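# Coordinate inspection notes
Residues per chain are reported as follows:
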Amino acid sequence: MSEVDRQREILLVLDTMAVLSGKWKIPIITTLWLGSKRFKEIIRAIPGLTDKSLSKELKEMAEDQLIERIVYDTYPPKVEYTLTEHAESLIEIIATLRDWGVLHREKVLGTKISTHCK
């Protein structure tokens, strides 16, 4: 592999890491993978996530075309968040990260964890 190719590979990985960076993006994607959710439903699904953090993450994720904000014409207004097709392409990557996390916990902490979702 040439130096230019190596640098391009590193840049592509850095781009991916930038999109998924932060503590909350992957848990938000995982939560929305199960279906569209309203703001407070996302908050309740992810322990420790605050309104301020979720607002910030949703804005960034919309800019990265990972989520869609759907506003219903109702009173009171109803807003739901859903994954885009672009975000759904990350599901396999996130599942692989989860599987690696299971192996890592077993190796480093000696903790066995069963996963039932793939």
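Residues numbered from 1 in each chain as written. Predicted model: local features only at pLDDT ≥ 70, side-chain atom pairs only at ≥ 80, totals over all residues. Heavy atoms only, no water.

## A short note on the packing of helix H2 (residues 25-33) against helix H4 (residues 51-63)
Operational definition: The convention used is that axes are lines fitted to C-alpha atoms, helices contributing only their stretch in contact, and that angles between N-to-C directions extend from 0 to 180 degrees. Counting from the N terminus, the helices are the DSSP runs of H or I reaching at least four residues and the strands are the DSSP runs of E reaching at least two. Geometric relationships in this document are graded by angle, where less than 35 degrees denotes roughly parallel, more than 145 denotes roughly antiparallel, 65 to 115 denotes roughly perpendicular, and other angles denote oblique. Between two residues, a contact is recorded if the distance between any of their heavy atoms is within 4.5 Å. Residues are grouped as follows: Ala, Val, Leu, Ile, Met, Phe, Trp, Tyr, Cys and Pro are nonpolar; Asp, Glu, Lys and Arg are charged; all remaining types, including Gly, are polar.
It is the contact of H2 with H4, at a shortest axis distance of 10 Å, that shows an interaxial angle of 75 degrees. By the angle between their directions, the pair H2 and H4 is classed as roughly perpendicular. Taken together, the residues of H4 that come into contact with H2 (itself represented by Lys25, Ile28 and Ile29) are Leu54, Glu57, Leu58, Glu60 and Met61. Across the contact of H2 with H4, the residue classes tally to five nonpolar, no polar and three charged.

## What to know about the side chain of Lys37
Counted only if it meets this: Only protein chains enter the area calculation, which uses a 1.4 Å probe; residues under 20% of their type maximum are buried, those over 50% are exposed, and those in between are partly exposed. We score Asp and Glu as negative and Lys and Arg as positive, and we do not count His or the chain ends. Any Lys or Arg side-chain nitrogen located within 4 Å of an Asp or Glu carboxyl oxygen qualifies as a salt bridge.
Looking at the element boundaries, Lys37 is found in the loop between H2 and helix H3 (39-45). One buried charged residue, Lys37, remains without a salt bridge, the closest side chain of opposite sign being Glu41 at 5.9 Å. Apart from residues no more than four positions distant in its own chain, Lys37 is found in contact with Thr31, Leu32, Ile42, Glu80 and Tyr81.

## Section: a nonpolar patch on the surface
Basically, it comes down to this: Residues qualify for a patch when their relative accessible area is over 30% and they have no salt bridge, like charges being joined within 9 Å and the nonpolar side chains of Val, Leu, Ile, Met, Phe, Trp and Tyr within 5 Å. Note on areas: Shrake-Rupley with a 1.4 Å probe; residue coverage comes only from the protein chains shown.
On the surface, a nonpolar cluster with roughly 390 Å² of combined accessible area is contributed by Ile10, Val13, Leu14 and Met17. Residue placement: Leu14 occurs in helix H1 (residues 3-19). A relative accessible area of 48% means that Leu14 is categorised as partly exposed.

## Considering the confidence of the model for the protein chain
Stated formally: Every residue is assigned a pLDDT by the predictor, reflecting its confidence on a scale from 0 to 100.
Mean pLDDT over the protein chain stands at 93; residues scoring 70 or higher make up 96%. Looking at the elements of the protein chain, mean pLDDT is at its lowest for helix H6 (residues 91-109), recorded as 92, and at its highest for H3, recorded as 98.

## Brief notes about the pattern of salt bridges
Working definition: two side chains of opposite charge can pair if their charged atoms are close together. In total, this model carries nine salt bridges according to the counting rule given. Two residues, Asp5 and Arg8, come together in a salt bridge whose shortest N-O distance is 3.1 Å. Here Arg8 and Asp5 lie together in helix H1, a separation of three residues that amounts to about one turn. The partly exposed category is assigned to Asp5, whose relative accessible area is 29%. On the basis of relative accessibility, which here comes to 45%, the residue Arg8 falls in the partly exposed class.

## Overview of the environment of Gln65
Its place among the elements puts Gln65 in the loop between H4 and strand S1 (67-72). Residue classification places Gln65 among the exposed positions, given a relative accessible area of 55%. Along the sequence, Gln65 and His86 sit 21 residues apart, while their C-alpha atoms lie 6.8 Å from each other. Leave out the neighbours within four places in its chain, and Gln65 touches Thr84, His86 and Ala87.

## A closer look at the side chain of Thr84
Here Thr84 lies in the loop between strand S2 (78-83) and helix H5 (85-88). We classify Thr84 as buried; its relative accessible area is 18%. With residues up to four places along the chain from it excluded, the contact list for Thr84 reads Gln65, Leu66, Ile67 and Glu68.

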